[in-house]
Amino acid sequence: MNAEPVPHGATGGQPEPALLLIGDIVVSEHWVRSPTGVVPLAGTTWIAVDRTYLVRKTATWGIICAVVLFFVIFVLSLLFLLAKEDEPMGFVEVTVRSGDFAHTVTLPATTPAGTRAFADVQYAQQLAWRAGQSAR
């Protein structure tokens, strides 16, 4: 995690270390920092929306086999072009809200950050709940 610490500390003005990084959203023990501002973690609402889909396309290995075998076994080599693969496309949207503050980040579905986005949002929700409990 190469994120800068959140500039506002809960005690003594010390910066808090980043516990979680979701795109350009940095979550610490008591604060959420994004390009649109810094807000207390307690009371934040986290939403993750899956906007991924599968694209069916001819398999790369099928195209290579068809080309290589084209001159040897013409008719049979064309059968390799029937091989299909499903490739994930799209993105995952993560939104954090607190009062008038809202920030959304879009994570490509094929990146490690996109594949773990739902687990990260669940962890952020747990941190927000704990921060709300400790504030009472």
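Reading guide: rules and limits
Residues numbered from 1 in each chain as written. Predicted model: local features only at pLDDT ≥ 70, side-chain atom pairs only at ≥ 80, totals over all residues. Heavy atoms only, no water. Helix = DSSP H or I, 4+ residues; strand = E, 2+ residues; numbered from the N terminus. Contact = heavy atoms within 4.5 Å. Areas by Shrake-Rupley, 256 points an atom, 1.4 Å probe, with all protein chains shown as cover. Phe/Tyr/Trp six-rings, centres within 6.5 Å; stacked < 30°, edge-to-face > 60°. Buried < 20%, exposed > 50% of the residue type's maximum accessible area, 1.4 Å probe, protein only. Pairing = 2+ DSSP bridges. Axes fitted to C-alpha atoms, helices over the stretch in contact; angles between N-to-C directions. pLDDT = per-residue confidence, 0-100.

Q: Please give an account of the overall build of the chain that cites residues and values.
A: Secondary structure assignment for the chain yields four helices and seven strands. In sequence order, the chain lays out its α and β elements as β-β-β-β-β-α-α-β-β-α-α. Of the contacts formed within the chain by residues at least 6 apart in sequence, a portion of 52% connects residues at least 24 apart. When the accessible surface of the chain is totalled, it reaches about 8,500 Å², and 60% of it is carbon and sulfur.

Q: Describe the packing of aromatic side chains, and please don't skip the residues or the numbers.
A: Per the counting criterion, the structure on display carries three aromatic pairs. Seen in terms of ring centroids, W61 and F80 are 6.5 Å apart; in terms of plane orientation they differ by 80°. Their pairing is edge-to-face. Placement of W61 in helix 1 (residues 60-69) and of F80 in the loop between helix 2 (74-78) and strand 6 (84-98) is noted, with a sequence separation of 19 residues between them. W61 sits in the partly exposed class, given a relative accessible area of 46%. For the ring pair F70 and F71, a centre distance of 5.0 Å and an interplane angle of 85° mean the geometry is edge-to-face. Chaining the aromatic ring pairs together yields one cluster made of F70, F71 and F74.

Q: Explain the sheet that holds strand 2 (residues 25-27) residue by residue, including any values.
A: Overall, antiparallel pairing links the four strands, which are arranged 1-2-3-4 in an open sheet. Only two strands of the sheet have a single partner each, and these edge strands are strand 1 (20-22) and strand 4 (37-40). The mean angle between the axes of side-by-side strands here comes to 15°, regardless of whether they run parallel or antiparallel. The pairing of strand 1 with strand 2 spans three bridges and is antiparallel.

Q: Lay out the sheet that holds strand 5 (residues 45-58) with the relevant residues and their values.
A: On the basis of which strands lie adjacent, the open sheet formed by three strands has the order 5-6-7 and antiparallel pairing. Looking at which strands have only one partner, the edges of the open sheet turn out to be strand 5 and strand 7 (101-108). This sheet shows a mean twist of 15° between the axes of neighbouring strands, independent of strand direction. In this sheet, strand 7 lies alongside strand 6 in antiparallel orientation, the contact comprising eight bridges. Within strand 7, the residue paired with S98 across the bridge is F101.

Q: Outline the side chain of D120, listing residues and values.
A: Among the structural elements, D120 can be located in helix 4 (residues 117-135). Those residues in contact with D120 that sit more than four places away from it in its chain are L20, L21 and I22.

Q: Account for the confidence of the model for the chain, naming residues and giving values.
A: Note that predicted coordinates carrying low pLDDT should not be read in detail. Here the chain averages 85 in pLDDT, and 88% of its residues register 70 or above. Across the chain, strand 7 holds the top mean pLDDT of 93, while helix 3 (residues 112-115) sits lowest at 82. Predicted confidence is poor over residues 1-6, with pLDDT under 50, and the contacts of this stretch with residues over four places away or in other chains come to 21 contacts.

Q: So what's going on with the side chain of S77? Which residues, and what values?
A: Within the secondary structure, S77 is located in helix 2. With residues near it in sequence (within four places) discarded, S77 still touches A66, L69 and F70.

Q: Please give an account of the environment of I63 that cites residues and values.
A: Within the secondary structure layout, I63 lies in helix 1. Residue I63 is classed as partly exposed on the basis of its relative accessible area of 39%. A sequence separation of 18 residues divides I63 from L81, and the C-alpha atoms of the two residues are 5.9 Å apart.

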